[in-house]
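What the coordinates show
Take a look at the letters that make up each chain.
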Amino acid sequence: TFFPNWDHAVKMTEDHSKKFVFMHLVAPVTYGEQYPISAPRTPEQEQEDRVMGNFRIEVELAHHWLAGCIRELIKEGKLSANDFKKFLSKLEVIDKDTSETVWTGLESYFADDHFHAVYVFTTQLEDLLRKLLALFGGQTTTQHIQANAFTEKNLNRILIELKPYISEPLYRYISW
């Protein structure tokens with residue numbers, strides 16, 4: 001499957017902790033160019049970071065295989081943007097504007113404009129998840145009392161609030 005398995009990453013982390021006891025001596029820390037970006041504050045966060053590290057390996061491997069397959073199919077002329085029309089028609093039921101914009105992103109991908117495609121897909125994923133949050137009765141904006149203004153919730157905040165409504169593997173996959 002091209003969909004990574006969170007439960008497998010949890011099991012792999014447990015197995016590794018028994019085999020490689022030294023890996024738990026120091027908490028995992030994510031570094032930027034010159035300084036730490038994030039560090040876990042609790043033992044639960046440490047464990048989640050370790051699991052996410054193993055999950056990342058599965059995700060990157062699955063993406064590598066999937067991207068290679070897609071590139072080969074495109075090169076052989078066996079896959080085009082039109083092959084995704086049936087799938088995108090389901091998105092149109094939820095939001096026609098979003099489906100049209102995603103179509104633009106897909107066309108950009110097939111035209112080798114990958115930067116534009118990723119930009120479109122990311123913003124549309126955020127927008128779609130915001131709409132799903134609203135359908136589940138969640139609030140999609142945050143009020144800033146001092147500035148007397150509202151802003152749309154970002155992808156991270158939306159995901160946290162959608163977590164009770166989506167499966168754990170899907171939540172982890174989008175979070176990654």
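Throughout, a residue's number is its position along its own chain's written sequence, starting from 1. In view of the model being predicted, local features appear only for residues whose pLDDT reaches at least 70, and side-chain atom pairs are presented and counted only at 80 or more, with totals across whole chains, interfaces and linings using the full set of residues. Values shown for side chains rest on all heavy atoms present in the structure; no hydrogens or waters enter the calculation.

**Observations regarding the overall build of the protein**
- Under the DSSP-based scheme used, a helix requires at least four consecutive residues in state H or I and a strand at least two consecutive residues in state E, with every element numbered from the N terminus. Along its length, the protein carries 7 helices and 4 strands.
- The helix and strand sequence of the protein, counted from the amino end, reads α-β-β-α-α-α-α-β-β-α-α.
- Its C-alpha atoms give the protein principal-axis dimensions of roughly 55 × 50 × 35 Å.
- Across the 176 residues of the protein, 24% fall into the buried class.
- Of the contacts formed within the protein by residues at least 6 apart in sequence, a portion of 50% connects residues at least 24 apart.
- With residues, only the protein chains shown are counted as cover, and all accessible areas are computed by Shrake-Rupley using a 1.4 Å probe. About 12,400 Å² of surface is accessible on the protein, with carbon and sulfur atoms providing 58% of the total.
- We score Asp and Glu as negative and Lys and Arg as positive, and we do not count His or the chain ends. Taken as the charge centre is NZ of Lys, CZ of Arg, CG of Asp or CD of Glu, depending on the residue. Computing the positive centroid from 19 side-chain charges and the negative centroid from 25, the protein places the two 4 Å apart. Between buried and exposed lies partly exposed: a residue is buried under 20% and exposed over 50% of the maximum accessible area for its type, with that area taken using a 1.4 Å probe on protein chains only. Residues are treated as being in contact if the distance between any of their heavy atoms lies within 4.5 Å.

**Looking at the packing of aromatic side chains**
- Here the aromatic set is Phe, Tyr and Trp, taking the six-membered ring for Trp, and pairing holds for ring centres within 6.5 Å; pairs whose planes are under 30 degrees apart are stacked, those over 60 apart are edge-to-face, and all others are tilted. Taken as a whole and assessed by the stated rule, the structure comprises 4 aromatic pairs.
- Look at Tyr109 and Phe110: their rings are 5.6 Å apart centre to centre, the planes differ by 80°, and that puts the pair in the edge-to-face class.
- Assessed through its relative accessible area of 23%, Tyr109 is described here as partly exposed.
- Ring geometry for Phe136 and Tyr165: centres 4.2 Å apart, planes at 5°, overall stacked. Of the two residues, Phe136 sits in the loop between α5 (114-135) and β3 (141-144) while Tyr165 sits in the loop between α6 (155-162) and α7 (168-175), which places them 29 residues apart along the sequence.
- Judged by its relative accessible area of 39%, Phe136 is partly exposed.
- Its relative accessible area of 43% is what places Tyr165 among the partly exposed residues.
- Taken together, Phe84, Tyr109 and Phe110 form an aromatic cluster joined through their ring pairs.

**As for the pattern of salt bridges**
- Salt bridges are defined as contacts in which a side-chain nitrogen from Lys or Arg sits within 4 Å of a carboxyl oxygen from Asp or Glu. Under the counting rule described, the total for this entry stands at 15 salt bridges.
- Salt-bridge contacts for Glu161 lead to Lys153; the nearest nitrogen and oxygen are separated by 2.8 Å.
- In this structure, the salt-bridge partner of Glu168 is Arg172, at a minimum N-O distance of 2.7 Å. Of this pair, Glu168 and Arg172 are both found in helix α7, 4 residues apart, which corresponds to roughly one turn of the helix.
- Residue classification places Arg172 among the buried positions, given a relative accessible area of 7%.
- Several salt bridges share partner residues, and in doing so they unite Glu126, Asp127, Arg130, Lys131 and Glu152 into one network.

**Quick look at α7**
- Buried within α7 we find Tyr171, Arg172 and Ile174. Projection of α7 onto a plane perpendicular to its axis shows the buried side chains occupying an angular sector of 165°, all on one side.
- If you follow the buried residues of α7, they end up packed against α1 (6-19), α2 (43-75), α5 and α6. What the arc covers is the set of directions going from the helix axis to the C-beta atoms.

**Details of the nonpolar core**
- Of all hydrophobic cores here, the largest spans 8 residues; its members are Leu129, Leu133, Ile158, Leu159, Leu162, Ile166, Tyr171 and Ile174.
- Where this core is concerned, the elements lending two or more residues are α5, α6 and α7.
- The dominant element in this core, judged by the number of residues it contributes, is α6, at 3 residues.
- Discounting chain neighbours no more than four positions away, the residues touching Ile158 are Glu126, Leu129, Arg130, Leu133 and Lys153.
- Residue types Ala, Val, Leu, Ile, Met, Phe, Trp, Tyr and Cys, when buried and joined through side-chain atoms within 4.5 Å, form a set referred to as a nonpolar core. Core analysis: the next-biggest nonpolar cluster, separate from the first, contains 7 residues, Ala81, Trp103, Leu106 and Leu128 among them.

**Comments concerning the side chain of Arg172**
- A distance of 2.7 Å separates a polar atom in the side chain of Arg172 from a polar atom in the side chain of Glu168.
- Not counting the four nearest positions on each side in its chain, Arg172 is found in contact with Trp6, Glu48, Met52, Phe55 and Lys163. Pairs of N or O atoms within 3.5 Å make up the polar contacts considered here, provided that, within protein, one atom can donate a hydrogen while the other can accept it, and that residues adjacent in sequence are counted only when both atoms are side-chain atoms.

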